[in-house]
Amino acid sequence: MRYNEKELRALSRQPAELAAELGMRGPKKGSVLKRRLLKLVANFLFYFRTDEAETAPCVLPQPVGALLLERCVVSQEEACSFSLSFVEDMDRKYVFQCDSERQCLEWTGALRRASYEVMRRSLVFYRDEILKMTGKDPLEQLGISEEARFQLSAIKA
């Protein structure tokens with residue numbers, strides 16, 4: 001997938017589903033745990049420097065980076081830490097340190113639900129439930145094409 005830097009910056013300014021300051025260690029050898037402001041927006045996890053807001057309060061902080069939460073594995077490491085790795089490269093592992101076990105559970109749950117595939121499965125499930133209850137396809141009522149509805153039906157197999 002290709003992303004325009006301007007679009008990513010704009011997306012990073014959208015309201016977060018979850019945001020907090022956590023410890024974060026990147027996948028590089030010798031990487032150390034750094035405090036980062038993490039912001040979950042749709043299926044992107046943005047991370048920001050924590051010192052930027054203090055040095056320039058009038059300037060909107062720019063993300064240091066963003067992780068696309070597709071084909072990733074979220075794993076509990078210890079009571080207050082979890083990791084995020086990617087199916088294509090399991091060695092590319094990010095580790096996050098939370099302030100509490102409860103916060104860790106909140107983050108791991110939110111990250112697992114953030115992938116496009118999970119959202120798509122939810123759409124198919126609720127579409128089928130509404131169709132059973134009402135006899136009408138809710139996507140048809142929204143003007144979504146027959147071709148798109150067919151693609152959604154095909155993923156159940």
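Quantities reported herein were computed from a predicted structural model and do not represent experimental measurements.

What follows covers the pairing of strand β2 (residues 34–41). In the sheet, strand β1 (residues 18–25) pairs with β2 via seven bridges, with the strands oriented antiparallel. Following the sheet pairing, G23 is matched in β2 by R35. Sheet topology note: the β2/strand β3 (residues 44–49) ladder contains six bridges and is antiparallel. The residue of β3 that forms the bridge with R36 is R49.

Here we take up unusual backbone geometry. Negative phi is the rule for most residues except glycine; trans is the rule for most peptide bonds. Of note, A42 is a non-glycine position whose phi angle comes to about 55°, a positive value. Here A42 is to be found in the loop between β2 and β3. With a phi close to 55°, R71 is a non-glycine residue in the positive phi region. Its place among the elements puts R71 in the loop between β4 (65–68) and β5 (72–78).

Let's shift gears to the layout of surface pockets. Put simply, the largest pocket is a space of about 240 Å³. Surrounding the largest pocket, M24, R25, G26, P27, K28, S31, V32, K34, R36, Y47 and Y94 form its lining. Mapped onto the lining of the largest pocket, the elements with two or more residues apiece are β1 and β2. Taken together, the residues of the lining of the largest pocket break down into five nonpolar, two polar and four charged. For the lining of the second largest pocket, the secondary structure elements donating two or more residues are β5, α3 (101–113) and α4 (116–134). Split by residue class, the lining of the second largest pocket holds four nonpolar, one polar and five charged.

Cut-offs applied
- Residues numbered from 1 in each chain as written.
- Predicted model: local features only at pLDDT ≥ 70, side-chain atom pairs only at ≥ 80, totals over all residues.
- Heavy atoms only, no water.
- Pairing = 2+ DSSP bridges.
- Helix = DSSP H or I, 4+ residues; strand = E, 2+ residues; numbered from the N terminus.
- 1 Å grid on protein atoms, 1.4 Å probe; cavity = no way out; pocket = protein on both sides within 12 Å on 5 of 7 lines; lining within 4 Å.
- Points joined across faces, edges and corners; volume = space filled by probe spheres on them.
- Nonpolar A, V, L, I, M, F, W, Y, C, P; charged D, E, K, R; others polar.

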